[in-house]
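Here's the letter readout for the chains.
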Amino acid sequence: TWHLKKIPQIVRERTFSLDSPKFEAKTKLELSSVCGIECQRKLPVPSLSDLKNLLSYETVFENGTRTLTEVNVLGAVLDPAANTTTHRPLRRKRQVYGTDSRFSIYDKRFMTNFPFNTAVKISTGCSGILVSPKHVLTAAHCLHNGKDYVKGSKRLRVGLMKTKSRGNGRKRKGAKRNGVPSFQWTRVKSTHIPKGWFKGVSGDIALDYDYAVLELKRPHKRKYMELGISPTIKMMPGSMIHFSGFDNDRSGQLVYRFCSISDESNDLFYQYCDAEPGSTGSGIYLRLKEPDKKKWKRKIIAVYSGHQWVDINGEQQDYNVAVRITPLKYAQICFWIHGNDGNCTQG
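- If you look the protein up in an unreviewed UniProt entry, it shows as Inactive serine protease 35 from Panurus biarmicus.
- Here the protein is described in UniProt, under the heading Subcellular location (unreviewed entry), as follows: "Secreted".
- According to the UniProt record, the Sequence similarities (unreviewed entry) comment for the protein reads "Belongs to the peptidase S1 family."

### Focus: the overall build of the protein
Turning to step 1, where the next piece is worked out: In terms of regular secondary structure, the protein is built from five helices and 17 strands.
Turning to step 2, where the next piece is worked out: Here the protein holds 347 residues, and 55% of them are scored as buried.
Turning to step 3, where the next piece is worked out: Intrachain contacts of the protein at a sequence separation of at least 6 include 74% that bridge at least 24 residues.
Turning to step 4, where the next piece is worked out: Of the roughly 16400 Å² of accessible surface on the protein, 49% is carried by carbon and sulfur atoms.

### Quick notes on the packing of aromatic side chains
Two numbers describe a pair of aromatic rings. These are the distance of the centres and the angle of the planes.
Turning to step 1, where the next piece is worked out: All chains considered together, the criterion is met by seven aromatic pairs.
Turning to step 2, where the next piece is worked out: When the ring of Phe 23 is compared with that of Tyr 149, the centres are 6.0 Å apart and the planes differ by 55°; the resulting orientation is tilted. With Phe 23 in the loop between strand E1 (9-18) and helix H1 (37-42) and Tyr 149 in the loop between strand E7 (135-138) and strand E8 (157-162), this residue pair connects regions lying 126 residues apart in the sequence. Just as Phe 23 is buried, Tyr 149 falls in that class too.
Turning to step 3, where the next piece is worked out: On the basis of an interplanar angle of 75° and a centroid distance of 5.5 Å, the ring pair of Tyr 57 and Trp 336 is categorised as edge-to-face.

### Re the pairing of E7
Turning to step 1, where the next piece is worked out: Alternating positions in E7 separate into two faces, His 135 and Leu 137 on one and Val 136 and Thr 138 on the other, with burial throughout.
Turning to step 2, where the next piece is worked out: With three bridges joining them, strand E6 (residues 127-132) and E7 adopt antiparallel strand pairing. Counted as the bridge partner of Leu 130 is Val 136 from E7.
Turning to step 3, where the next piece is worked out: Connecting the antiparallel pair E6 and E7 is a turn made up of two residues.
Turning to step 4, where the next piece is worked out: Where E7 meets strand E10 (residues 212-216), four bridges bridge the pair, whose relative direction is antiparallel. Following the sheet pairing, Thr 138 is matched in E10 by Ala 212.

### Points about the pairing of strand E5 (residues 119-122)
Turning to step 1, where the next piece is worked out: Here E5 pairs with E6 via three bridges, running antiparallel. Along E6, the bridge assignment pairs Val 120 with Gly 128.
Turning to step 2, where the next piece is worked out: In this structure, the hairpin formed by E5 and E6 is closed by a connection of four residues, where Gly 125 is found at a positive phi of approximately 110°.
Turning to step 3, where the next piece is worked out: Sheet analysis places E5 next to E8, joined by three bridges and oriented antiparallel. Counterpart to Lys 121 in the pairing with E8 is Gly 159.

Basis of the calculations
- Residues numbered from 1 in each chain as written.
- Predicted model: local features only at pLDDT ≥ 70, side-chain atom pairs only at ≥ 80, totals over all residues.
- Heavy atoms only, no water.
- UniProt positions renumbered as here; feature names shortened; annotations may be inferred.
- Helix = DSSP H or I, 4+ residues; strand = E, 2+ residues; numbered from the N terminus.
- Buried < 20%, exposed > 50% of the residue type's maximum accessible area, 1.4 Å probe, protein only.
- Contact = heavy atoms within 4.5 Å.
- Areas by Shrake-Rupley, 256 points an atom, 1.4 Å probe, with all protein chains shown as cover.
- Phe/Tyr/Trp six-rings, centres within 6.5 Å; stacked < 30°, edge-to-face > 60°.
- Pairing = 2+ DSSP bridges.

Written out as structure tokens, the structure reads:
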């Protein structure tokens, strides 16, 4: 069952106007020089003032204006054992590990129905997931490289899968063919990125804050995915996670995969789900049976950040990493969606 957790409160303190971004950064779907598993183990637990700084956030609007919102954090529990991880042997791996276990979803009935129709394409080349009638959760590095916003994020758009082409019966350019989805593109009204993602705040890039929320200009009418608090590996049913995205090597296809998690820190999951660039930003979810109900309940518990190379004992090792939705991140994302914390008190 889903364990309810008391959620800290994120409270808006004040908002400042900032200069417009330059939008000159290059999109990098694969990150390097990040704090990996060993580095994570040595990180100190953030203090309350650190958290207020890391969870303050920038908002960029469609017209290019930008604000910084400072927040206060109420009711946060600072866990001294936060960054301890379960030691498991790490294997030297690739983005596709051994046999490729990804599934391309071709069938229209699946593609246009829940949960697969919650996956969206971001115009900078990433994926994302619908988390409200007008909000999308994705990875921060799809929009910002830690120093500046990426070129394509100035006129950011989100593609929702569609399978019908409108018009007078003639196939338009880009219309669906042979089960390949076409996209209905929607402009993005604003984007929120936590300050913890910016290099000036965290020194090196800290993957812990590699998440962002986009607000769409027009709401969609689809069923969206609920947010959940990420449990530890021990509390996960079969420790199985699932996610769908638009991998670059399978152009125009929706690709689904599931796998178990290999290792964890307080903020990250390390796993060997087969994934290629393009699926970055996908919402990772768990499936649980509700007590006394026949249906599955799905909730997003992490954001897929991508394939990482890190130095471990002086040797390069790689893994696929996801940012966990902790109680604090749940509070922040929920606050971005609702504009207040009234709907965010129970995870």
